[in-house]
Amino acid sequence: MSLNEYEASLIIKSGAELLCAASSDPRSDQGYAAVKGNLSEALESIAEALANFEAGLGVPGRSTGWVQDLHRVADALGEGRARNGADGSE
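Scope of this entry: the structure provided in the associated data block. All values reported here derive from a predicted model rather than from experimental measurement.

A tally of regular secondary structure across the protein chain gives three helices and zero strands. Listing each helix as α and each strand as β along the protein chain from the N terminus yields α-α-α. Here the protein chain holds 90 residues, and the buried ones make up 17% of them. Of the contacts formed within the protein chain by residues at least 6 apart in sequence, a portion of 58% connects residues at least 24 apart. A total accessible area of about 6,700 Å² is found for the protein chain, and carbon and sulfur atoms account for 57% of it.

Attention shifts here to helix α2 (residues 32–57). With 26 residues, α2 extends 37 Å between its outermost C-alpha atoms, agreeing within 8% with the 38 Å of an ideal straight helix rising 1.5 Å per residue. When α2 is considered as a whole, its buried residues turn out to be A33, K36, G37, S40, L43, A47, L50 and E54.

Here we come to the nonpolar core. With seven residues, the main nonpolar core is built from L43, A47, L50, V67, L70, A74 and L77. Those elements that place two or more of their residues in this core are α2 and α3 (64–83). Top contributing element to this core by residue count: α3, with four residues. If we skip the residues at most four places from it in the chain, L50 touches S63, W66 and V67.

With respect to the helices and strands, D69 occurs in helix α3. By relative accessible area, D69 is classed as partly exposed at 37%. Sequence spacing of D69 and L43 is 26 residues, and the spatial spacing of their C-alpha atoms is 9.7 Å.

Following the criterion strictly, the structure yields one salt bridge and no others. With its nearest N and O atoms 2.2 Å apart, the salt bridge here joins R72 to D69. Of this pair, R72 and D69 are both found in helix α3, three residues apart, which corresponds to roughly one turn of the helix.

Take the side chain of S40 next. The residue S40 is located in helix α2 in this model. Look at S40 and you get buried, because its relative accessible area is 9%. Residues within four places of S40 in sequence aside, it is in contact with A74, L77 and G78.

Parameters at a glance
- Residues numbered from 1 in each chain as written.
- Predicted model: local features only at pLDDT ≥ 70, side-chain atom pairs only at ≥ 80, totals over all residues.
- Heavy atoms only, no water.
- Helix = DSSP H or I, 4+ residues; strand = E, 2+ residues; numbered from the N terminus.
- Buried < 20%, exposed > 50% of the residue type's maximum accessible area, 1.4 Å probe, protein only.
- Contact = heavy atoms within 4.5 Å.
- Areas by Shrake-Rupley, 256 points an atom, 1.4 Å probe, with all protein chains shown as cover.
- Expected span 1.5 Å × (residues − 1).
- Core = buried A, V, L, I, M, F, W, Y, C linked by side-chain atoms within 4.5 Å.
- Salt bridge = Lys/Arg side-chain N within 4 Å of Asp/Glu carboxyl O.

This is the structure:
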């Protein structure tokens, strides 16, 4: 299955909305480490995609701060994942 950028953005938005709804569930802490890991990976991918879009537009650096922020948040989420053993190393 091949998606264009717009379709991919709709999937990301829909996933975020579902995650918001699920977080109101009192059982939402089940699988929290895995959710954090998946979010970390997704944010890394979004940062890479944003950097690639900018490079393709010939205006690199316009959103450099956003890319750096996304990487920082992804790293912070990933640290919790590694500490909880959800990275597959245990």
